[in-house]
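Below, each chain spelled out in residue letters.
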Amino acid sequence: MKRFILTSLLLINIPLISAAQMQYPKPEKGTVADDYFGTKVPDPYRWMEDVDSSKTKEWVEQENKLTFAYLDKIPFRNKIKKRIEEIWNYPKYSAPQKVGNYYLFHKNDGLQPQSVLYIQEGINGTPKVLIDPNTLSTDGTVALNGIAASNDNKLLCYWTSKSGSDWQDIYVLDIATGKKLDDHVQWNKFSGGSWYKDGFFYSRYEEPKGKNELTAANEFQKIYYHKIGTPQSEDILKYEDKKNPKRLQFMGVTEDERYLQLFINEAGEKGNLLSIMDTKNPDRGWIPIQATFGFETGIVESEGDKLFIQTNVGAPRNKIVVTDIADPSQKNWHDLIPQNKHVLESASLSGGKLICTYMQDASHHVYLFDLEGRKLNEIKLPAIGSVSGFSGKKSDKEVFYTFNSFTYPYTIYRYDMESNTSNLFRKTEVKFDPNDYESKQIFYTSKDGTRVPMFIVHKKGLKMDGNNPCYLYAYGGFNVSLTPSFSTLRLILLENGAVFAMPNLRGGGEYGEEWHDAGTKLHKQNVFDDFIAAADYLCTQKYTSHEKLALAGGSNGGLLVGAVMTERPDICKVALPAVGVMDMLRYHKFTIGAHWASDYGTSEDNKEMFEYLNRYSPLENVRSGVQYPATLVTTADHDDRVVPAHSFKFTATLQEIGGPSSTNPLLIRIETKAGHGSGKPTAKIIDEAADEYAFMFYNMGVTPKY
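What follows is about the overall build of the chain. Scanning the chain for helices and strands turns up ten helices and 41 strands. Judged by the C-alpha coordinates and their principal axes, the chain covers about 75 × 60 × 55 Å. Once local pairs closer than 6 in sequence are excluded, the contacts in the chain between residues at least 24 apart make up 58%. Surface accessibility of the chain: about 28300 Å² in total, with carbon and sulfur atoms responsible for 48%.

Here it is as structure tokens:
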């Protein structure tokens, strides 16, 4: 291996490929227009919603040909890819999960397409391969999405997906022998398997016969029970709702199998419904726990007749309540761990104690409570960062968790519940010296005076002269919280003197439901204002300049980038919207899109909601005569979460209307045999990252030198 020589970015006058020389494809324009409350909105590229049509495929081929011809001419693109491969090539582990006498964990040797599931007997046993998804396809595009062990620790159901699709197949194997059984469940979506007695519950849709399974709306989800050793055709329908086609339904089971839990989500509604069935008294039927939408409520665990519940009813930052199965209605809830000033993100029960993970200014703190609600102690984390895991059953006296931060690679710890001690279990050996970098959290002021936190990471001693490239990444939606995390890909930015910045915009969950609400529906502009204010802060404080700034985000974050680049095209030099929701007037008509209405509202709700969406929808707000930033849209042909038509129509419009006046490239990169992001094989991840970074540096006029 060649020795890597760390150097600063060279700011040189490299001859950029002229966008004026590009011949963008000129797709056919239709005459389709929709009438929204008396306003007609044209949609000339509606035909691109048929991703399987020969016309769409031809356009995709033309766009990829143009994009990769451009990327091929960037002189340092292959060097970036080679460097990513070099630093990515180290073993990566998950925290172990105890299953009876066995421990299961995932491992990737370095550059394997997919991580492999291993099993070992005892904590010091010899690992053996249990499931290797790399053998399930020739190109690494079949992913292992999840596992669930039966409560007697004998069987394991696991689910896989192809090419990044949300559709999943469920299989079963014998844990002790590794032998795969004949059981095979298809058309599962948005659920795994929940074990109960000699089978498991799962949620599925009907096979989309005669429809495009990657774009058709998902309706009438049903819950089935599969008994081990029987064909799927004999599975028992346990729950369906014939009146509400957009509802999502999932069946959970407590560890002791006493309680069945029915979770229901409705498109356009916040929160969930929750009912429970006591299998000791099944004649009582389904007992309501959360009977109305608007709040998020879930069972943490049970202890005999007691139910421990996490909820935001009357507590926008969440709390733990306890109730009795005799009458678990809300009037009989008793606060066990009341809401405090920080957000309770998650809770689990192990070793007779509740392990509660809180967010404090978007970083994690973990505390233990007894079952009477008394705080016992804090699990001290090694730095400001993020924690995940705490995998353990109710009786386990030890749990495992993973900690990481911006400059702290993923590290697995083993926690002893009785002695309150954490010991290093497995350290990540990545080629990275954290002492070379620094991370900090600042607070800046948004347009309406709201105080917004932002993490900033860069090399120590970096000169703040406004000339540093900066990668500004955010999400801002669906109650999703962005906490400090380690990214191997991000090292390419940091080691070359770039600044990484991550603000915690409204719409996320960093400060609870009120913070989330402030970035939804008719308040969505707050999210864009927060992002714009973050960009302006970084420039004002000389971390970077608008000419050296890149905006990045995926999915709802892709919408964020698209909305801001069309509202404020001068805000950045480079825009990297990934798998974004770009058509805010029609997003709810595809696959699972209707469920995003709780955050967005829909164009069909009322005139006010339509007009609000129309004002910021990226597709509807591309203007002529505007200099747009250098843009690389990314999507994938098997994305059945945010269908690629969003990116297709936005790019075609951007090239048609913005292309003639823009000296910056306006391109789209369309990955094949990939989806929204989950399950993407290593090689595709590296290729896409190398292309994005090369595009970014090149259009900023800077060259990373290796």
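Backbone-to-backbone hydrogen bonds pair the strands of a sheet. The strands run either parallel or antiparallel. The eight strands are arranged β33-β34-β36-β35-β37-β38-β39-β40 in an open sheet whose pairing can be described as mixed. A strand with exactly one partner marks an edge of an open sheet, and here the two such strands are β33 (437–445) and β40 (666–671). Pairwise comparison of adjacent strand axes, ignoring direction, gives a mean angle of 20° for this sheet. As paired strands, strand β35 (residues 470–473) and strand β37 (residues 549–554) are joined by four bridges and run parallel to one another. Counterpart to Y473 in the pairing with β37 is A552. Sitting on the sheet, helix α1 (residues 54–72) is in contact with β39 (630–636) and β40, with an inclination near 110° to β40. Across the sheet, helix α10 (residues 682–700) touches β35, β37, β38 (574–578), β39 and β40, and the angle it forms with β39 is around 170°.

Applying the stated rule across the entire model yields 36 aromatic pairs. Taking 6.1 Å as the distance between ring centres and 85° as the angle between the ring planes, the aromatic pair formed by Y103 and F400 counts as edge-to-face. With Y103 in strand β6 (residues 102–108) and F400 in strand β30 (residues 398–405), the pair connects residues that are 297 residues apart, well separated along the chain. Assessed through its relative accessible area of 1%, F400 is described here as buried. Considering the side-chain rings of W195 and F200, the 5.5 Å spacing of their centres and the 70° angle between planes classify their relative orientation as edge-to-face. Put simply, the rings of F406, F455, Y471, F500 and Y693 pair up and form one aromatic cluster. Here K55 stacks its cationic end above the ring of W47, 4.7 Å away from the centre of that ring.

With that out of the way, let us pick up the packing of helix α2 (residues 77–88) against α10. Packed helices, taken two at a time, are described by the angle between their axes plus the distance between the axes. Where α2 contacts α10, the two axes come as close as 9 Å, and the packing angle between them is 135°. Classified by the angle between their axes, α2 and α10 sit oblique to one another. Seen along the crossing, α2 lies across α10 with a hand that is right-handed. Contacts between α2 and α10 involve R77, I80, K81, I84, E85 and W88 from the first element and T682, I685, I686, D687, A689, A690, D691, Y693, A694 and F697 from the second. Residues of the contact of α2 with α10, tallied by class, amount to ten nonpolar, one polar and five charged.

Turning our eyes to something else, we now look at the confidence of the model for the chain. Looking at the chain as a whole, the pLDDT averages 94, with 97% of positions reaching at least 70. In the predicted structure, residues 1–14 sits below a pLDDT of 50 and forms 34 contacts with residues beyond four places in sequence or in another chain.

Applying the stated criterion to the full structure yields zero disulfides. The thiol sulfur of C470 is not disulfide-bonded, and the nearest other cysteine sulfur, from C539, lies at 7.7 Å. Assessed through its relative accessible area of 0%, C470 is described here as buried.

Before going further, it helps to spend a moment on the packing of helix α5 (residues 525–540) against helix α6 (residues 556–567). Put simply, α5 and α6 touch, their axes get as near as 10 Å, and they point 70° apart. Taken as axis vectors, α5 and α6 run roughly perpendicular relative to one another. Residue-level contacts link Q525, V527, F528, D529, F531 and I532 of α5 to L560, V561, A563, V564 and E567 of α6. For the contact of α5 with α6, the residue count by class is eight nonpolar, one polar and two charged.

Before going further, it helps to examine the sheet that holds β30. What the four strands build is an open sheet, ordered β29-β30-β31-β32; its pairing is antiparallel. Looking along the sheet, the strands with just one partner apiece sit at the ends: β29 (386–391) and β32 (421–427). Within the sheet, the average angular offset between the axes of one strand and its neighbour, ignoring direction, is 30°.

Before going further, it helps to examine the pattern of salt bridges. On inspection of all chains with the given rule, the structure shows 44 salt bridges. Here K649 makes a salt bridge to E49, at a shortest N to O gap of 2.8 Å. Taken together, the residues span a long stretch of sequence, with K649 in helix α9 (residues 645–658) and E49 in the loop between β3 (39–42) and α1 at a distance of 600 residues. Sharing partners across several salt bridges, the network here consists of D72, R77, R669, E671, K680, K684, E688 and D691.

Take E257: it is sitting in the loop between β17 (248–253) and β18 (259–265). At 7.0 Å, K197 is the nearest oppositely charged side chain to E257, a buried residue that forms no salt bridge. Side chain to side chain, E257 and N151 meet in a polar contact 2.7 Å long. Polar side-chain contacts of E257 include one of 3.1 Å to the backbone nitrogen of K197.

As a further point, take the pairing of β6. In terms of burial, β6 is a largely internal element, six of the seven residues being buried. Bridge analysis of strand β5 (residues 97–99) against β6 gives three bridges, and the strand direction is antiparallel. Bridge assignment links K98 to a residue of β6, and that residue is Y103. In sequence, β5 turns back onto β6 through a hairpin of two residues, with G100 there showing a positive phi of about 65°. Alignment of β6 against strand β7 (residues 116–121), held across six bridges, turns out to be antiparallel. If you follow K107 over to β7, its bridge partner there is V116.

Our next topic: the nonpolar core. Judged by nonpolar contacts, the single largest core of 121 residues is most densely connected at M454 and L472. Considering every element that reaches this core, the biggest residue donor is α10, with ten residues. Core analysis: the next-biggest nonpolar cluster, separate from the first, contains 15 residues, I119, L130, L156 and Y171 among them.

What follows concerns the environment of A652. Looking at the secondary structure, you find A652 in helix α9. Under the relative-accessibility criterion, A652 is labelled buried at 2%. Residue contacts for A652: discarding those within four places in its chain leaves P27, Y45, M48 and W59.

A few words now on the pairing of β3. Judged from the four bridges that link them, strand β2 (residues 33–36) and β3 form a sheet pairing that is antiparallel. Bridging from a neighbouring strand, D34 pairs with V41 of β3. Linkage of β2 to β3, two consecutive antiparallel strands, is achieved through a turn of two residues, within which F37 is found at a positive phi near 55°.

Bringing the environment of H458 into the picture now. The residue H458 is located in strand β34 (residues 451–459) in this model. For H458, the contacting residues outside a window of four places in its chain are Y437, E438, K440, M464, L494, A498, V499 and Y543.

Calculation criteria
Residues numbered from 1 in each chain as written. Predicted model: local features only at pLDDT ≥ 70, side-chain atom pairs only at ≥ 80, totals over all residues. Heavy atoms only, no water. Helix = DSSP H or I, 4+ residues; strand = E, 2+ residues; numbered from the N terminus. Contact = heavy atoms within 4.5 Å. Areas by Shrake-Rupley, 256 points an atom, 1.4 Å probe, with all protein chains shown as cover. Pairing = 2+ DSSP bridges. Axes fitted to C-alpha atoms, helices over the stretch in contact; angles between N-to-C directions. Phe/Tyr/Trp six-rings, centres within 6.5 Å; stacked < 30°, edge-to-face > 60°. Buried < 20%, exposed > 50% of the residue type's maximum accessible area, 1.4 Å probe, protein only. Lys NZ or Arg CZ within 6 Å of the ring centre and 35° of its normal. Parallel < 35°, antiparallel > 145°, perpendicular 65-115°, else oblique. Left-handed = near helix turned anticlockwise from the far one by under 90°. Nonpolar A, V, L, I, M, F, W, Y, C, P; charged D, E, K, R; others polar. pLDDT = per-residue confidence, 0-100. Disulfide = S-S within 2.5 Å. Salt bridge = Lys/Arg side-chain N within 4 Å of Asp/Glu carboxyl O. Lys, Arg positive; Asp, Glu negative; His and termini not counted. Polar contact = N/O pair within 3.5 Å; in protein donor to acceptor, adjacent residues only side chain to side chain. Core = buried A, V, L, I, M, F, W, Y, C linked by side-chain atoms within 4.5 Å.

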